[in-house]
Amino acid sequence: MNNSRSELNRNLAQMLKGGVIMDVTTPEQAKIAEEAGACAVMALERIPADIRAAGGVSRMSDPKMIKGIQQAVSIPVMAKCRIGHFAEARILQAIEIDYIDESEVLSPADDKYHIDKTKFDVPFVCGAKDLGEALRRINEGASMIRTKGEPGTGDVVQAVRHMRMMQAEIRRLVSMSEDELFDAAKQLQVPYELVMYVHENGKLPVVNFAAGGVATPADAALMMHLGAEGVFVGSGIFKSGNPAKRAAAIVKAVTNYEDDKMLAELSEDLGEAMVGINEDEIELLMAERGK
Amino acid sequence: MKIGILALQGAFIEHAQMLKSLGVESFEIRQKRDIERDYDGLIIPGGESTVIGKLLHQLELFEPLRGEIENGMPVFGTCAGLIMLAEKISNDDNVYFGTMDMTVRRNAYGRQLGSFFTEQELGSCGRVPMTFIRAPYIEEVHGRAEALASVDGRIVAARQGNQLATAFHPELNNDTRVHEYFINIVRNR
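For clarity, every value in this text was computed on a predicted model and none was experimentally measured.

Caption draft 1: Seen up close, the overall build of chain A. A count of helical and extended segments in chain A gives 13 helices and 8 strands. Here the C-alpha atoms of chain A give a radius of gyration of 18 Å, agreeing with the 19 Å that 2.2 N^0.38 yields for 291 residues. Over its C-alpha atoms, taken along the principal directions, chain A stretches across nearly 55 × 45 × 40 Å. Taking contacts inside chain A between residues at least 6 apart in sequence as the whole, the part at least 24 apart equals 65%.

Caption draft 2: A look at the side chain of Arg-5 of chain A. Residue position: Arg-5 of chain A is located in helix α1 (residues 3-16). At 2.7 Å, the side chain of Arg-5 of chain A forms a polar contact with the backbone oxygen of Gln-112 of chain B. If near-sequence neighbours (up to four positions away) are discounted, Arg-5 of chain A is found in contact with Asp-121 of chain A together with Gln-112, Leu-113 and Ser-115 of chain B.

Caption draft 3: Region of interest: the interface of chain B and chain A. The interface of chain B with chain A comprises 34 residues on the first partner and 36 residues on the second. A buried area of about 2800 Å², summed over both sides, lies between chain B and chain A, and 55% of it is on carbon and sulfur atoms. Looking at the side of chain B facing chain A, the largest losses of area belong to Arg-111, Gln-112 and Leu-113 of chain B, adding up to 25% of the total buried there. Our count for the contact surface shared by chain B and chain A stands at 5 salt bridges. The shortest N-O distance in the salt bridge between Glu-35 of chain A and Lys-54 of chain B comes to 4.0 Å. For the pair chain B and chain A, the number of links is 23 residue pairs in polar contact (both at pLDDT 80 or more). For the side of chain B that touches chain A, the secondary-structure elements that each account for two or more residues are α1 (12-21), α2 (49-58), β7 (116-122) and β8 (126-132) of chain B. For the side of chain B that touches chain A, the residue count by class is 13 nonpolar, 12 polar and 9 charged.

Caption draft 4: Up close: the packing of aromatic side chains. Residue and element names in this part refer to chain B. All chains considered together, the criterion is met by 11 aromatic pairs over all chains. Judged by centre distance (5.4 Å) and plane angle (75 degrees), the ring pair of Tyr-109 and Tyr-137 falls under edge-to-face. Pair noted here: Tyr-109 is in the loop between β6 (100-105) and β7 and Tyr-137 is in strand β9 (residues 137-141), with a separation of 28 residues, a long-range link. No difference in accessibility class separates Tyr-109 from Tyr-137, as the two residues are buried. Note on Phe-132 and Phe-168: the rings are 5.8 Å apart at their centroids and 55 degrees apart in plane angle, and the pair reads as tilted. Of the two residues, Phe-132 is situated in strand β8 and Phe-168 in the loop between β12 (163-166) and α5 (177-187); the sequence distance between them amounts to 36 residues. Joined through ring pairs, the aromatic side chains of Tyr-109, Phe-116, Phe-132, Tyr-137 and Phe-168 make up one cluster.

Caption draft 5: Molecular detail of the confidence of the model for chain B. When pLDDT is averaged along chain B, the result is 97, and 100% of the positions lie at 70 or above. Two numbers describe this predicted complex: its pTM, 0.95, and its ipTM, 0.95.

Caption draft 6: Inspection of the nonpolar core at higher detail. In terms of nonpolar packing, the biggest core is built from 143 residues, with Met-144 and Met-223 of chain A together with Leu-56 and Leu-122 of chain B touching the most fellow members. Apart from residues no more than four positions distant in its own chain, Met-223 of chain A is found in contact with Val-156, Ala-159, Val-160, Met-163, Ala-210, Val-214 and Ala-228 of chain A. Counting 23 residues, the second-largest nonpolar core is a separate cluster that includes Ala-128, Val-195, Met-196 and Leu-204 of chain A.

Caption draft 7: Main features of the pattern of salt bridges. Taken as a whole, this structure holds 28 salt bridges over all chains when the rule is applied. Overlapping salt bridges, with partners in common, bring together Lys-80, Asp-101, Glu-104 and Arg-146 of chain A in one network.

Caption draft 8: Highlighting a negative patch on the surface. All names here are of chain A. Judged by side-chain charge, Glu-178, Asp-179, Glu-180 and Glu-200 come together as a negatively charged surface patch. When you line up the elements, Asp-179 lands in the loop between α7 (157-175) and α8 (181-188). The class for Asp-179 is exposed, based on a relative accessible area of 58%.

Caption draft 9: Just the packing of helix α12 (residues 243-255) of chain A against α2 of chain B, in detail. Where α12 of chain A contacts α2 of chain B, the axes come no closer than 11 Å and their chain directions differ by 85 degrees. Judged by the inter-axis angle, α12 of chain A sits roughly perpendicular to α2 of chain B. Here Val-251, Lys-252 and Thr-255 of chain A of α12 of chain A come into contact with α2 of chain B, specifically with Val-51, Leu-55 and Gln-58 of chain B. Across the contact of α12 of chain A with α2 of chain B, the residue classes tally to 3 nonpolar, 2 polar and 1 charged.

Caption draft 10: Here's a closer look at the sheet that holds strand β4 (residues 99-103) of chain A. Residue and element names in this part refer to chain A. The 8 strands lie next to each other as β7-β6-β5-β4-β3-β2-β1-β8, forming an open sheet whose pairing is parallel. Taken across any chain shown, the strands that pair with only one partner, and hence form the sheet edges, are β7 (207-209) and β8 (231-233). Each strand of the sheet is rotated relative to its neighbour by a mean of 30 degrees, with strand direction disregarded. The pairing of strand β5 (residues 124-128) with strand β6 (residues 144-147) spans 4 bridges and is parallel.

Caption draft 11: Structural detail: the environment of Ile-47 of chain A. Residue and element names in this part refer to chain A. Mapping Ile-47 onto the fold places it in the loop between β2 (40-43) and α3 (48-54). With relative accessibility at 5%, the residue Ile-47 sits in the buried group. The spacing of Ile-47 and Gly-152 is 105 residues in sequence and 7.3 Å in space, taken between C-alpha atoms. Not counting the four nearest positions on each side in its chain, Ile-47 is found in contact with Asp-23, Thr-25, Ser-235 and Lys-239.

Caption draft 12: Representation of the environment of Gln-9 of chain B within the structure. Tracing the sequence through the fold places Gln-9 of chain B in the loop between β1 (2-6) and α1. For Gln-9 of chain B, a relative accessible area of 0% puts it in the buried group. Not counting residues within four places of it along the chain, the set of residues in contact with Gln-9 of chain B comprises Met-15, Leu-16, Lys-17, Gly-18, Gly-19 and Cys-39 of chain A together with Pro-45, Gly-46, Gly-47, Glu-48, Val-51 and Ile-52 of chain B. At a separation of 3.2 Å, a polar atom in the side chain of Gln-9 of chain B contacts the main-chain carbonyl oxygen of Lys-17 of chain A.

Here is what the cut-offs are and how they apply
Residues numbered from 1 in each chain as written. Chains lettered and ligands numbered in written order. Predicted model: local features only at pLDDT ≥ 70, side-chain atom pairs only at ≥ 80, totals over all residues. Heavy atoms only, no water. Helix = DSSP H or I, 4+ residues; strand = E, 2+ residues; numbered from the N terminus. Rg over C-alpha atoms; globule rule 2.2 N^0.38 Å. Contact = heavy atoms within 4.5 Å. Polar contact = N/O pair within 3.5 Å; in protein donor to acceptor, adjacent residues only side chain to side chain. Buried area = accessible area lost by both parts, 1.4 Å probe. Salt bridge = Lys/Arg side-chain N within 4 Å of Asp/Glu carboxyl O. Nonpolar A, V, L, I, M, F, W, Y, C, P; charged D, E, K, R; others polar. Phe/Tyr/Trp six-rings, centres within 6.5 Å; stacked < 30°, edge-to-face > 60°. Buried < 20%, exposed > 50% of the residue type's maximum accessible area, 1.4 Å probe, protein only. pLDDT = per-residue confidence, 0-100. Core = buried A, V, L, I, M, F, W, Y, C linked by side-chain atoms within 4.5 Å. Patch = residues over 30% accessible without salt bridge, like charges linked within 9 Å, V, L, I, M, F, W, Y side chains within 5 Å. Areas by Shrake-Rupley, 256 points an atom, 1.4 Å probe, with all protein chains shown as cover. Lys, Arg positive; Asp, Glu negative; His and termini not counted. Charge placed at Lys NZ, Arg CZ, Asp CG, Glu CD. Axes fitted to C-alpha atoms, helices over the stretch in contact; angles between N-to-C directions. Parallel < 35°, antiparallel > 145°, perpendicular 65-115°, else oblique. Pairing = 2+ DSSP bridges.

Below you can see the structure in the form of structure tokens.
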């Protein structure tokens, strides 16, 4: 992959900023999401809450199902492959997916190596719990980062933890003297150039979204306040009572996250939110997959 | 001079940085009360046109902004912004502001694998860098609209009076010439 390809892939993430990316499992859901103002959809066979409930090995979705969603909407379509499963990623590239999510929500295929994403022409988004993970993924070629959250729980606590951790570590790097950055690079297990970039710019070199457990307009606004540049919503929409209304409310909440009065109006009458599970009630922490 | 940048979704910060590097003041437009102030020009950034179009209506920005554009407010649309300004979209039934006499094609170069970078002449700016991200192109201009730039025989920039539209993203490169071109439109209004 040449530099211009990786630049173009980072650029697409820039266009998604300030937007909401929604998990969908059917063309009908994809249309509802697009109609509600999603800036992209994530096509998958089962939403994370159901993956969690079903247990077992979770894999890349059927390409036919993904193609059905590609035909249904005009916005970018993303799809997930397993961590380290470059063959799944190549299949997704072959069907011209707009973004691949190398995702801990699926069962990891490789417990040591992530995909060498620099070998691909299509862009990748990867999850990260902290700055070290984020920069390691970027070094492997990720063009966009998201928090890992705890998918399928409807509990935003982990996404908050990851975003706060990342922002705190970024602030720490910014405040360091240049000779301290060499050691920081060693501690974070990432190249010096990436650490230097964060030191000079006070941000990741790629767009950073929040993901995992976002279920309400207030959740989305919280993540934006904490420094997210946009939001992924997985189970929170299609596991709720009124998906179309909730989806549209979350979209507006991301745009006007600083307007509390508008957020109050948006939060009214949304029907049942997804029930959710607290993080201490679950046995499998997906965020611990792939570091 | 003050430029309002539509900040509903997409790459609006990049435009603000371009204007800042030119010493031009800007502010974000996220809702109706943001346009109660005086401003001299409007930028509609790249992003998803379906999202921006929808939020324009829901946040009650559509009518007042269209009124301003029809009254000659200088406006600069990039990518999704170009789609907002087009009178017709050949592969989409939606029409947004529809204030420029042109037909455009959405996602005209296909999916992300079709995104590309090139350099080409643009009006009086000379050869400028052009980044196309899931970009549209202009199928034809008529009436008062005139083509400003073409890539491989397809129109990628146009001007109609105080309205400027590009299918590519000048805000993604460090070259400020296209933004300067727009600022000159605002100055000479």
